[in-house]
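Reading the structure
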Amino acid sequence: MPWLASFHRGLFSAIGLLAMVTNVMGKDSADLLVVGATVVTMGADRQVIDDGGIAVRDGKIIAVGNSAELKDKFDATRTLQGDGAVLMPGLVNAHGHAAMTLFRGLADDKALMDWLRNYIFPAEAKFVDEAFVRAGTRLGVLEMLLGGTTTYVDMYYFEDAVADETAKAGMRGVIGQAMIDFPAPDYKTWDATLAGTEAFLKKWKGHRLITAAPAPHAPYTVSSEHLQAAKELAAKYSAPLIIHLAETQDEVENSKKQFQATPTVHLDRLGFLGPNVIAKHVVWATDEEMLILKKHGVGIAHCPQSNMKLASGIAPVPQMLKLGLGVGLGTDGAASNNDLDMWGEIGTVAMLHKVNLRDPTVIAAREAVAMATIDGARAVHLEDKIGSLEIGKEADFILVDVTAPHVVPMYDVYSHLAYAVKASDVRTVAVAGKLVVDDRKPTTLDPVKIVAEAREYRDRIRTLLAK
Ligand SMILES: [Zn+2]
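This one's a predicted model, so the numbers in the text were calculated from it and none came from an experiment.

What counts as what
Residues numbered from 1 in each chain as written. Predicted model: local features only at pLDDT ≥ 70, side-chain atom pairs only at ≥ 80, totals over all residues. Heavy atoms only, no water. Helix = DSSP H or I, 4+ residues; strand = E, 2+ residues; numbered from the N terminus. Rg over C-alpha atoms; globule rule 2.2 N^0.38 Å. Buried < 20%, exposed > 50% of the residue type's maximum accessible area, 1.4 Å probe, protein only. Areas by Shrake-Rupley, 256 points an atom, 1.4 Å probe, with all protein chains shown as cover. Lys, Arg positive; Asp, Glu negative; His and termini not counted. Charge placed at Lys NZ, Arg CZ, Asp CG, Glu CD. Pairing = 2+ DSSP bridges. Axes fitted to C-alpha atoms, helices over the stretch in contact; angles between N-to-C directions. Contact = heavy atoms within 4.5 Å. Salt bridge = Lys/Arg side-chain N within 4 Å of Asp/Glu carboxyl O. Core = buried A, V, L, I, M, F, W, Y, C linked by side-chain atoms within 4.5 Å. Donors = N, O, S within 2.8 Å, 3.2 Å for Na, K, Ca; no water. Tetrahedral: all angles 85-135°; square planar, octahedral: opposite > 155°, others 65-115°. Phe/Tyr/Trp six-rings, centres within 6.5 Å; stacked < 30°, edge-to-face > 60°.

What follows deals with the overall build of the protein. Of the regular secondary structure elements, the protein holds 18 helices and 17 strands. Relative to the 2.2 N^0.38 estimate, which gives 23 Å for 467 residues, the radius of gyration of the protein is 22 Å and therefore close to what a compact globule would have. Projected onto its principal axes, the C-alpha positions of the protein cover 70 × 50 × 50 Å. Buried positions account for 57% of the 467 residues belonging to the protein. Within the structure as shown, the protein displays about 19200 Å² of accessible surface, and the carbon and sulfur contribution to it stands at 55%. Charged side chains in the protein number 48 positive and 57 negative. The centres of these two groups are separated by 2 Å.

This is the structure:
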């Protein structure tokens, strides 16, 4: 009697009434039930439930609570036993270039310009086409899903192909089409870039997993006029707007010379900033600039490991958090990290700012975990959909095994999540209620094929660079 079920759901959603009604009428239905886990909800009250779980229907969370209550209330098509695991929201990687996994370890420990000019640019010019981007995206998505990342923000070329691969893998993505003022592997002119990006936004509008976005590369590679055009395009499609901002000290100095303003002030003057903007890195920002970003509701993607490896500097993250900015964590591309492991970023953000400020109390474990979940969701402007285990949100969740020697005993769950858990501890991953990693096995991707493809690219790229 479906009308009766929806009548119940509509009118008797209060827990007491629901319990009373279901006792009389039988159990409510769910597609999936997870029970027996330590639940880290990351909701506003940061509730942790010792022996608990969630119920999922139509890809959304319909209940969060203790195991006995859930089992009492719901008849589920499938029940996952979370014994010995932490159930938590999937991780949000707020900045990356997934296809660059194919350049992983190509050249390390170089000065930025040497690295770009002699390694990355020649390899990109020769190899980056749609097939490359598809193969690299599959590898990046596979790595991220296996490590518990359920949402990522991308910026690269051929992003329609990136969106396609991401959707096929069942992952969630904010997929940013790079826009840049010089000929790129996909579009050779600005007009073509603009038209292509608009077609891309139109095509993916309303997709459950994919949020398409224009991604002007940076204020130093895109003219003022083109930045404004990108902003208008984002406004027209109610899309996010992704940009690299204030990554290096050189960028700030050059901006002052060229525009008589820092990159942030330059974007503010152009009217570029707004509550849909996701700014990457923001290493070099003054207090005044952080207030400008806050005023406009700009989300920040902090990439501690990439900033360390490229020696870009240390972003003023504790200050950003104090001011109430939405700050998430990003891996950046695998060419400058060299993995897409968000657990590494959580541990790094918790430690980097402590040593920098000589203060072990800054960015405590729980705050670092929040940056990879609910605060990350806020930074990428998806906080009403993801980032916490709460009723009504998309069922993007992970089960993290905490039975290996490096994660026992457990006194405090946040401590483990920030300082001890590794990507290989992730056991199960769901996006919109669909299991994309089931007991460590990917259900949508073929790891053997993806790894073989990546090795083939390595052989070809190495041959080219040896010439
Ligand atoms: Zn980047």
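So much for the structure itself; the text now carries on.
A word on the sheet that holds strand β13 (residues 327-329). In spatial order, the strands read β10-β11-β12-β13; together these 4 strands make up an open sheet with parallel pairing. Pairing within the sheet leaves two strands with one partner each, and these edge strands are β10 (241-245) and β13. Along the sheet, successive strands turn relative to each other by an average axial angle of 30°, direction set aside. This element, helix α14 (residues 342-357), spans β12 (299-302) and β13 of the sheet and lies at about 125° to β13.

A side chain with one charge may pair with a side chain of the opposite charge, provided their charged atoms come close. The tally for this structure, following the rule as stated, stands at 19 salt bridges. The residue Asp 438 makes a salt bridge to Arg 78 at a minimum N-O spacing of 2.9 Å. Of this pair, Asp 438 sits in strand β16 (residues 434-438) while Arg 78 sits in strand β4 (residues 74-81); the two residues are 360 residues apart in sequence, bridging distant segments of the chain. Of the residues examined, Asp 438 reaches a relative accessible area of 23% and is grouped as partly exposed. For Arg 78, a relative accessible area of 36% corresponds to the partly exposed category. Note that Arg 427 and Asp 401 form a salt bridge whose closest N and O atoms lie 2.8 Å from each other. Taken together, the residues Arg 427 in strand β15 (residues 426-431) and Asp 401 in strand β14 (residues 397-401) connect sequence positions 26 residues apart. Overall, Arg 427 belongs to the buried group, its relative accessible area being 12%. In this structure Asp 401 comes out as buried when scored by relative accessible area, which is 10%. Overlapping salt bridges bring together Glu 130, Arg 134, Arg 138, Asp 164, Glu 165, Lys 168 and Glu 453 as one network.

Before going further, it helps to examine the nonpolar core. In this structure, Met 88, Phe 103, Phe 132 and Trp 343 are the most contacted members of the largest nonpolar core, which totals 131 residues. Leave out the neighbours within four places in its chain, and Trp 343 touches Met 88, Leu 91, Gly 147, Ile 398, Val 400, Leu 417, Val 421, Lys 422, Ala 423 and Val 426. Leu 32, Leu 80, Leu 389 and Phe 397 belong to the second largest nonpolar core, which has 17 residues in total.

Distances from the zinc ion to its protein donors, namely His 95 (NE2), His 97 (NE2), His 244 (NE2) and Asp 332 (OD), fall within the range 2.1 to 2.5 Å. Angles of 83 to 172° at the metal separate the 4 donor atoms of the zinc ion, which places the site in the irregular class. As a motif over one chain, the donors of the zinc ion read H-x1-H-x146-H-x87-D. One end of the pair, His 95, is in strand β6 (residues 91-96); the other, His 244, is in strand β10, and 149 residues separate them in sequence. The exposure classification of His 95 matches that of His 244, with both residues buried.

The next thing to look at is the packing of aromatic side chains. What describes a pair of aromatic rings is the distance from one ring centre to the other and the angle between the planes of the rings. For the structure on display, the rule yields 3 aromatic pairs. The interplanar angle of 35° and the centroid separation of 5.2 Å between the aromatic rings of Phe 103 and Phe 132 together place this pair among those described as tilted. Note that Phe 103 is positioned in the loop between β6 and α4 (112-127) and Phe 132 in helix α5 (residues 130-146), a separation of 29 residues in sequence. As far as burial versus exposure is concerned, Phe 103 and Phe 132 are alike and both buried. Relative to Tyr 157, the ring of Tyr 156 has its centre 4.9 Å away and its plane inclined at 50°; by these criteria the two rings are tilted. Residue Tyr 157 is classed as buried on the basis of its relative accessible area, which comes to 11%.

A separate point is the pairing of β15. The element β15 is largely enclosed, with a buried count of 6 among its 6 residues. As paired elements, β14 and β15 share 4 bridges and run antiparallel to each other. Note on β15: the bridge partner recorded for Ile 398 is Val 429. Relative to β16, β15 runs antiparallel, the two sharing 3 bridges. For Ala 430, the partnering residue across the bridge sits in β16 and is Leu 435. Taken together, β15 and the strand that follows it, β16, pair antiparallel across an intervening segment of 2 residues, in which Ala 432 is found at a positive phi of about 50°.

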